[in-house]
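Structural description and commentary
Residue strings, one per chain:
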Amino acid sequence: MFRTNALNDNELVQRFIEGDQNSLEILIHRHKSRVYSYILLIVKNQELAEDIFQETFIKVIRSLKRGKYVENGKFVSWVLRISHNLIIDHFRKEKLQGTVSNDSLEVDIFNSQKFSDFTIEDEMVNNQILSEVKELIKELPEDQQQVIYMRHYMGLSFKEIAEQTDVSINTALGRMRYALINLRKLIKEKKLELTRI
């Protein structure tokens, strides 16, 4: 068990494809918190987040068995993209079925709820700072929140962000630039001291 746990994501993926079920359990356990947190931050509903989380890993299993995973070294980003697409599918279906009475649905999907950076670098920042940054990001326009989240939490490249959001790379870069400018303004306005440990 210890030896399997020590394997990296791609080695575990390969072992699962070769028939080792335990490898998949380790992968799910390894990334459960990050994937589930990402889903919950967007859908803001625990039951729905659990459903989408389960659906995500069902899709992951099917895709692995069909040999559709080819992104070496980016397993968790690939899983997060699957969950992201399932979230968008869910909101699209709800909109089509007319079960959502909120006219600003597209804004709500990515707006004003705990968007934050969860890169390795950010894990070194204390909880108070993370909390303050989350609050600041909630004040940004929806498209700027989205690009920050996709870049820093999902680890997507600007090319991937552009494809996912159906804009040009320059637009994605511009949104990030304005997001950072606006964050700096907010930090200055609120006189916050954001220092790393």
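Before reading further, recall that the structure is shown in the block above.
These lines cover the structure that appears in this document, whether it is placed above or below. Since the model is a prediction, treat every value here as computed from it, not as a measurement. (Residues numbered from 1 in each chain as written. Predicted model: local features only at pLDDT ≥ 70, side-chain atom pairs only at ≥ 80, totals over all residues. Heavy atoms only, no water.)

1. Considering the packing of aromatic side chains
Note the following rule: A pair of Phe, Tyr and Trp rings is counted when the ring centres sit within 6.5 Å of each other, with Trp represented by its six-membered ring. The angle between the planes then sorts it: under 30 degrees is stacked, over 60 is edge-to-face, the rest tilted. Secondary structure elements are taken from DSSP: a helix is a run of H or I of four residues or more, a strand is a run of E of two residues or more, and numbering for both begins at the N terminus. Buried means the residue's accessible area, taken with a 1.4 Å probe over protein chains only, is under 20% of the maximum for its type, while exposed means over 50%, and partly exposed covers the values in between. In this analysis the charged atom, NZ for Lys or CZ for Arg, is taken to sit over a ring once it is within 6 Å of the ring centre and within 35 degrees of the ring normal.
All told, the structure shown has five aromatic pairs when counted by the stated rule. Ring geometry for Phe53 and Phe57: centres 5.1 Å apart, planes at 55°, overall tilted. Taken together, the residues Phe53 and Phe57, both in helix α4 (residues 46–65) and four residues apart, mark about one turn of the helix. Like Phe57, Phe53 is buried. Between Phe75 and Trp78, the aromatic rings sit 5.9 Å apart at their centres with planes inclined by 45°, giving tilted as the arrangement. Linking Phe75 with Trp78, this pair stays in helix α5 (residues 75–97), spanning three residues, or about one helical turn. Through a chain of ring-to-ring contacts, three or more aromatic side chains come together here, namely Tyr36, Phe53 and Phe57. The ring of Tyr178 carries the charged tip of Arg177 above its face, separated from the ring centre by 5.5 Å.

2. A closer look at the environment of Arg34
One can find Arg34 in helix α3 (residues 21–43). For the pair Arg34 and Val76, spaced 42 residues apart in sequence, the C-alpha to C-alpha distance is 8.8 Å.

3. Focus: the nonpolar core
Here is the rule we go by: As used here, the term nonpolar core means buried Ala, Val, Leu, Ile, Met, Phe, Trp, Tyr and Cys residues forming a set that is joined through side-chain atoms within 4.5 Å. Whether two residues touch is decided by their heavy atoms; if any such pair falls within 4.5 Å, the residues are in contact.
Ile39, Val43, Val60, Leu64, Phe75, Trp78 and Ile87 are the most contacted members of the largest nonpolar core, which totals 32 residues. Looking at this core, the elements with two or more residues in it are α2 (9–17), α3, α4 and α5. Among the elements that take part in this core, α3 stands out by supplying 10 residues, more than any other. Residue contacts for Ile87: discarding those within four places in its chain leaves Tyr38, Ile39, Ile42, Val43 and Ile52.

4. Thoughts on unusual backbone geometry
The phi torsion at Lys44 lies on the positive side, around 60°, for a residue other than glycine. Note on Lys44: relative accessible area 40%, which makes it partly exposed. For Asp166, which is not glycine, the phi dihedral falls at a positive 60°. For Asp166, the location among the structural elements is in the loop between α10 (158–165) and α11 (169–189). Of the residues examined, Asp166 reaches a relative accessible area of 71% and is grouped as exposed.

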